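Here is how the chains run, residue by residue.
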Number of protein chains: 2
Amino acid sequence: MITYRLDYDWHPDEAEEKLMFEAFGKIVEEREKGVAGYYHLPEDSKLLEAETRAYLSSNETLRECETIVVVGIGGSSLGTKAVDAMLRHKFPEAKRLLFLENPDPVDLNEKFSRIEKEKSLFIVVSKSGTTIETMSIFKALIARFGLDLAGGDRSRVIVITDEGSALCSYADHHGLKAYTIPENVGGRFSVLSAVGIVPLTLAGYDTCSILEGASGMVRRFFDGREKHLEKKAAFIATHNDIYRMNVLFVYASCLEAFTRWYVQLWAESLGKIDAKGQRIGLTPIGQIGPLDQHSFLQLIMEGARDKSVTFLKIADFENDLRIPDISLENIEKTDYINARTFNELINAECDATLQSVSEEGIPVDLITFDKVSPGNVGEIIVYYELLTSLVGAMLDIDTYNQPGVERGKNILMNKFAKDS
Amino acid sequence: MITYRLDYDWHPDEAEEKLMFEAFGKIVEEREKGVAGYYHLPEDSKLLEAETRAYLSSNETLRECETIVVVGIGGSSLGTKAVDAMLRHKFPEAKRLLFLENPDPVDLNEKFSRIEKEKSLFIVVSKSGTTIETMSIFKALIARFGLDLAGGDRSRVIVITDEGSALCSYADHHGLKAYTIPENVGGRFSVLSAVGIVPLTLAGYDTCSILEGASGMVRRFFDGREKHLEKKAAFIATHNDIYRMNVLFVYASCLEAFTRWYVQLWAESLGKIDAKGQRIGLTPIGQIGPLDQHSFLQLIMEGARDKSVTFLKIADFENDLRIPDISLENIEKTDYINARTFNELINAECDATLQSVSEEGIPVDLITFDKVSPGNVGEIIVYYELLTSLVGAMLDIDTYNQPGVERGKNILMNKFAKDS
């Protein structure tokens, strides 16, 4: 279970109520017309999950592999990485996931040295099928590990891409196992499609419960039972010129990768030119508590009032590690926390920081997981996707494209075309 | 060697030249009067480095340990972590550094399980000596590993703290080896003091060259031979109401931890109320290229014009990993990069992204390492410290305090005092 608490002292007026009503209508329409396909994933991917599980039990190579190497970048890896990081400690038996994302030679070399072909499955993920970083790394893997795709290594490679993409044709050519991504599901909204569900299911995570949690949130939202979402979106959208940044302050180390997924989702979806030609830019920032209380907090407290802050905490870490009841000579000042659990300490720090930020007049809200569970992971993913769609609808921008990244790709290609 | 290139089409007018001149004067005064002590560290720490090396060779326990466990948070760990991450691949023989920072019970348990007392050295770092997270983790270590500080384990524990702090008295009480931090060196400026130099030297890094690189930058700056620093600071300070965020986009995975150090340095130093009572908030954001081209770049390109971007790249990764000259059926479109090195690819991506961002009219500058080396690591640390001091001087704020984080600490303490 997840609870959501808005601490804003803000009450939408009539125009703002209308904005919320219309945005909800737009989302309903997006779902019905298929403008964005992610709304259907929690239900549609249940079949995929079952099919993947069946494939796993029928395929000895997969069952025996210890590492799943995921080759992908951006939306093709961030969501899977986030789920893996959140759930790893609850699934100690899950196969290791190794992500090859960045085309940094030192980083790649180091990761290559940790791969044993005979114990690995390689999953290549690219929506377009021609992502330059991903395909370059895939080629390097083929060469380094002598992957024989015409023969014995065919069962070690899985491809996840758009129907009809170049990578899809490549998979057909070699008879590789391929999963497709619905065309109307963008990379940053794709974690509950094959992009995340296939590697996570093969690794051994309870993806069925992840989808259940996600599905429940979608159902309740469209039934009008998650009204806090619309209110939060409306606050953010109507204050976007004042609170230009949203800080997601997570109080658990296992949520760090989730903040990276959130940054992509938010930045690529909401950094846009709106229907009137105006540049909108809601900047997402991920922070880890209490770590970043010793870093970024000062800026939140005393810097310009241009941020809203979302705190995310886990009520029960299901871990009783305790601060021993020891008094250290001359450091007795710190004994007030003795005999408490670290669970109590970290959450008290979250509460104290939230209170101090809120008392400064900075808008805060709090999301609380009862505990870390696959269901909660599914729910929080859809919560953020819905929030993003709502804010985008209210700002009158195209939430689902990313035209701003094309120019750099063209410059890159021309650079090499000219050289050769 | 590091080169610095400012791509701003901006020429300071007379008033701005005066601002630069005065800020430089203020920094000279800070150094002379000891307002900030970090200017002297590159020279002063050379003795410390030599002494630490001597201590290492005289102490068998230290020499034989394989892991150095650093217990510290914020300024007590971020700098050391950044240097370790940057130089790790150049010093494969360096002892493993394990950082215990966050009081997250799941994270701590996982890290505890990777510690073998007999092969470990424990370094407790806290400027005040009463940091609640650090002292709580230290107590948990004592209990978990049965550290006998009255007897045999005394040589396994080192303390780094302010002269006269509670932790310093504790170390005296037990006869533990202790290193002190100059009082006028704040946590976020302390990486070249004992805080970073002791663990890095004991691990086996070439800290002597790190200090040399840092020292060279300090000398050239005060000799007036690094004028680009003042110009960059002046641009940032005089445009702080427009470009409220500075994005540090690093094109190397090994620089990720460095962006976290930069975020603390910038946020805690420059998120302040100025002499006129106005809230100043220059927000630092770290991004990893090319990874975040698939995430944050869209927002930079099309979002509000509220960011300046610093690109940081490494000309020579000293690694010849190559994209094989393989053509994959139906994916021939990606062959333009075949037979090139990943080194070429990642840097071409940096150049292409810089160009596309710059063509949008967003202010950019470029920092280029000729390669990763201890000297360059030392130089870039001091470069950012000096830049921070200059911007702070120009904005007329106290760069070296952090009053905004005290309230949360008090709320936390009261919370527990009330309960018990």
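Conventions we followed
- Residues numbered from 1 in each chain as written.
- Chains lettered and ligands numbered in written order.
- Predicted model: local features only at pLDDT ≥ 70, side-chain atom pairs only at ≥ 80, totals over all residues.
- Heavy atoms only, no water.
- 1 Å grid on protein atoms, 1.4 Å probe; cavity = no way out; pocket = protein on both sides within 12 Å on 5 of 7 lines; lining within 4 Å.
- Points joined across faces, edges and corners; volume = space filled by probe spheres on them.
- Helix = DSSP H or I, 4+ residues; strand = E, 2+ residues; numbered from the N terminus.
- Nonpolar A, V, L, I, M, F, W, Y, C, P; charged D, E, K, R; others polar.
- Axes fitted to C-alpha atoms, helices over the stretch in contact; angles between N-to-C directions.
- Left-handed = near helix turned anticlockwise from the far one by under 90°.
- Contact = heavy atoms within 4.5 Å.
- Pairing = 2+ DSSP bridges.

K.L.:
Any chance you could explain empty space enclosed by the protein here in plain terms?
P.N.:
Empty space left among the atoms is revealed by rolling a probe the size of a water molecule over them. In the structure shown here, the tally under the stated rule is two cavities of 30 Å³ or more. In this structure, the largest cavity is lined by 21 residues; those nearest its centre are R260 and G286 of chain A together with R260, G286 and Q287 of chain B. Elements with a contribution of two residues or more to the lining of the largest cavity: α11 (256-270) and β10 (283-288) of chain A together with α11 (256-270) and β10 (283-288) of chain B. The dominant element in the lining of the largest cavity, judged by the number of residues it contributes, is β10 of chain A, at five residues. A breakdown of the residues in the lining of the largest cavity according to their chemical character gives nine nonpolar, seven polar and five charged. Reported here for the second largest cavity is a volume of approximately 30 Å³. As for the second largest cavity, its lining consists of G74, L78 and E101 of chain A together with L291, D292, H294 and S295 of chain B. The class makeup of the residues in the lining of the second largest cavity is two nonpolar, three polar and two charged.

K.L.:
What should I look at first to understand the packing of helix α4 (residues 78-87) of chain B against helix α14 (residues 374-395) of chain B in this one?
P.N.:
Two measures define how a pair of helices packs: the angle their axes make with one another and the distance between the axes. Residues and elements named next belong to chain B. Two numbers describe how α4 lies on α14: the axes approach to 10 Å, and their chain directions differ by 145°. Here the hand of the crossing between α4 and α14 comes out right-handed. Along its contact with α4, which presents V83, M86 and L87, the element α14 presents P374, V377 and I381. For the contact of α4 with α14, a count of residues per class yields six nonpolar, no polar and no charged.

K.L.:
Looking at this model, I keep getting lost on the sheet that holds strand β3 (residues 96-100) of chain A. Mind explaining?
P.N.:
The strands that make up a sheet pair up through hydrogen bonds in the backbone, lying either parallel or antiparallel. Residues and elements named next belong to chain A. Strand order in this open sheet of five strands is β3-β2-β4-β5-β6, and the pairing throughout is parallel. On the outer flanks of this sheet lie β3 and β6 (177-181), each paired with one strand and no other. When the angles between neighbouring strand axes are averaged without regard to direction, this sheet yields 20°. Relative to β3, strand β2 (residues 67-71) runs parallel, the two sharing five bridges. Looking across to β3, one finds that V70 is bridged to F99.

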